[in-house]
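# Observations on the model geometry
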Amino acid sequence: MREKITRFMQGRYGNDRLGQVMLTVALICVALSLFRIPFISTIGLAVLILAYCRMFSRQIARRAEENRRYMQFEGRLRAKLQKKRAALAQRKTHRIYKCPGCKQKIRVPRNRGRIAISCRKCGTEFIRKT
């Protein structure tokens, strides 16, 4: 049986990161459909069918391009989340202000009173309470 499946999948795209995410979304939609949320089971079924169509597709270049675009999107999203996480970790010791001139983010230590902050990028100086 394993040999038959291997022969069937030869020349087909198979599973990738985008396919895994699509299967996870389909599973979540099926779980949410137990709470009688309208149309969620239909969405889950559509995502599941699309995921399997991608897996069994013979258009490998197109599927690889879709996965590449998804991976770029996921990378940008992860980078933004890491920046937010780092800012949250420093919120007790530092404040982050935006320069009124160039919108550059500037990190200054907390509890220093009113201080003059100068932007390193554009040289604008402004006063803020830390």
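Structure: see above.
Below: a short report on this structure. The shown structure was predicted, so the numbers you read here are calculated from the model rather than taken from an experiment. (Residues numbered from 1 in each chain as written. Predicted model: local features only at pLDDT ≥ 70, side-chain atom pairs only at ≥ 80, totals over all residues. Heavy atoms only, no water.)

### Regarding a nonpolar patch on the surface
As a reminder, the rule being used: Like charges within 9 Å and nonpolar side chains (Val, Leu, Ile, Met, Phe, Trp, Tyr) within 5 Å are joined into patches, using only residues over 30% in relative accessible area that form no salt bridge. Exposure was quantified through the Shrake-Rupley algorithm and a 1.4 Å probe, taking into account, for residues, occlusion by the shown protein chains and nothing else. A carboxyl oxygen of Asp or Glu within 4 Å of a side-chain nitrogen of Lys or Arg is what we treat as a salt bridge. Each helix is a run of H or I in the DSSP string that is no shorter than four residues. Each strand is a run of E no shorter than two, and both are numbered from the N terminus. For each residue, the accessible area found with a 1.4 Å probe, counting protein chains only, is set against the maximum for its type, and the residue is called buried under 20%, exposed over 50%, and partly exposed in between.
Side chains of Phe8, Leu45, Leu48, Ile49, Tyr52 and Phe56 sit close together on the surface and give an oily, nonpolar patch of about 540 Å² of accessible area. Sorting elements by how many residues they give to the nonpolar patch places helix H3 (residues 40-55) first, with 4 residues. Along the chain, Phe56 turns up in the loop between H3 and helix H4 (60-89). By relative accessible area, Phe56 is classed as partly exposed at 35%.

### Focus: the nonpolar core
Rules: By convention a nonpolar core is built from buried Ala, Val, Leu, Ile, Met, Phe, Trp, Tyr and Cys residues, the set being connected through side-chain atoms within 4.5 Å. Note on definitions: a residue-residue contact is assigned when non-hydrogen atoms from the two residues lie within 4.5 Å.
Within the largest apolar cluster, 7 residues are counted, these being Tyr97, Cys99, Ile106, Val108, Ile117, Cys119 and Phe126. Setting aside residues no more than four positions away along its own chain, Val108 makes contact with His94, Arg95, Tyr97, Ile115, Ile117 and Thr130.

### Here's the deal with the pairing of strand S4 (residues 125-129)
Test applied: Between any two strands, pairing holds if DSSP finds at least two bridges.
Alignment of strand S3 (residues 114-118) against S4, held across 5 bridges, turns out to be antiparallel. Paired with Ile115 across the strands is Arg128, a residue of S4. In this antiparallel pair of consecutive strands, S3 and S4, the connection spans 6 residues, and Gly123 shows a positive phi of 85°.

### With respect to the packing of helix H2 (residues 17-33) against H3
Note the following rule: Lines fitted to C-alpha atoms define the axes, with helix axes restricted to the stretch in contact, and inter-axis angles between N-to-C directions lie between 0 and 180 degrees. Working rule for angles: under 35 degrees goes down as roughly parallel, over 145 as roughly antiparallel, 65 to 115 as roughly perpendicular, anything else as oblique. In this scheme the handedness of a crossing depends on how the near helix is turned from the far one: anticlockwise by less than a right angle means left-handed, clockwise means right-handed. Residues are grouped as follows: nonpolar covers Ala, Val, Leu, Ile, Met, Phe, Trp, Tyr, Cys and Pro; charged covers Asp, Glu, Lys and Arg; every other residue, Gly included, is treated as polar.
Contact pair H2 / H3: the axes reach a minimum separation of 8 Å and the direction vectors enclose 155°. Relative to H3, the element H2 is oriented roughly antiparallel. Seen along the crossing, H2 lies across H3 with a hand that is left-handed. Residues Leu18, Gly19, Met22, Leu23, Val25, Ala26, Cys29, Leu32 and Ser33 of H2 form the contact with H3, whose own contacting residues are Ile40, Ser41, Ile43, Gly44, Val47, Leu48, Leu50, Ala51, Tyr52, Arg54 and Met55. When its residues are assigned to classes, the contact of H2 with H3 shows 15 nonpolar, 4 polar and 1 charged.

### Notes on unusual backbone geometry
The backbone of Arg36 shows a phi angle near 60°, a positive value even though the residue is not glycine. Judged by relative accessible area, which is 75%, Arg36 ranks as exposed. Positive phi outside glycine occurs at Asn111, with the angle close to 60°. Here Asn111 shows up in the loop between strand S2 (105-109) and S3. Asn111 sits in the exposed class, given a relative accessible area of 67%.

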